[in-house]
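Residues per chain, in single letters:
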Amino acid sequence: MRLTMLGTTSEDGDCPTLYETESGDIVVQGDRLTDPEALAQLQYVRPGETFVVVPRELLTKYAPKE
């Protein structure tokens, strides 16, 4: 799978970052959500799924507008 970096709000090239796959899907790099209270509120979680925290600024600045 080939990824294209869409953008980051990181100052040092770290996360968070958005990528687009060649099929048009979006991949998100960010800090893992670990807060037990927040995790308990998630619904429809499938085995193998994980959750990352994404700053709103990253999405509004770089997410595709389609």
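Every value quoted in this text rests on a predicted model; they were computed, and no experiment measured them.

S.K.: Please clarify how the overall build of the protein chain should be interpreted in this entry.
M.R.: Helices and strands together make up the secondary structure of the protein chain, namely two helices and five strands. Reading the protein chain from its N end, one meets helices and strands in the order β-β-β-β-α-β-α. Dimensions along the principal axes, computed over C-alpha positions, put the protein chain at roughly 30 × 30 × 20 Å. In the protein chain, which comprises 66 residues, the proportion classed as buried is 14%. Taking all contacts inside the protein chain whose residues are at least 6 apart in sequence as the whole, residues at least 24 apart take part in 26%.

S.K.: Sorry, what's going on with the environment of S23 here?
M.R.: Structurally, S23 is set in the loop between β2 (17-21) and β3 (26-29). On a C-alpha basis, the gap between S23 and L3 in space is 9.5 Å, while along the polypeptide they are 20 residues apart. A polar contact is formed between the side chain of S23 and the side chain of T21, at a distance of 3.0 Å.

S.K.: I would appreciate a short explanation of the pairing of β2 in the present structure.
M.R.: Consecutive side chains along a regular strand alternate between the two faces of the sheet. Most of β2 sits out of view: four of its five residues are buried. Relative to β3, β2 runs antiparallel, the two being bridged by four bridges. Looking across to β3, one finds that L18 is bridged to V28. With antiparallel pairing between neighbouring strands as the criterion, β2 and β3 make up a hairpin whose turn holds four residues, including G24 at a positive phi of roughly 100°.

S.K.: Sorry if this is basic, but what is going on with the side chain of T17 here?
M.R.: By the element assignment, T17 lies in strand β2. Judged by its relative accessible area of 3%, T17 falls in the buried class. In this structure the side chain of T17 is engaged in a polar contact, spanning 3.3 Å, whose partner is the side chain of T8. When sequence neighbours within four positions are dropped, the list of residues in contact with T17 reads M5, G7, T8, V27, V28, Q29 and L58.

S.K.: Explain the sheet that holds β2 to me, please; I cannot follow it from the model alone.
M.R.: The pairing of strands in a sheet happens through backbone hydrogen bonds and is either parallel or antiparallel. Here three strands make up an open sheet; going across it, the order is β1-β2-β3 and the pairing antiparallel. The sheet terminates laterally at β1 (3-8) and β3, the two strands that pair on one side only. With direction set aside, neighbouring strand axes in the sheet form an average angle of 25°.

Each value, and the rule that gives it
Residues numbered from 1 in each chain as written. Predicted model: local features only at pLDDT ≥ 70, side-chain atom pairs only at ≥ 80, totals over all residues. Heavy atoms only, no water. Helix = DSSP H or I, 4+ residues; strand = E, 2+ residues; numbered from the N terminus. Buried < 20%, exposed > 50% of the residue type's maximum accessible area, 1.4 Å probe, protein only. Contact = heavy atoms within 4.5 Å. Polar contact = N/O pair within 3.5 Å; in protein donor to acceptor, adjacent residues only side chain to side chain. Pairing = 2+ DSSP bridges. Axes fitted to C-alpha atoms, helices over the stretch in contact; angles between N-to-C directions.

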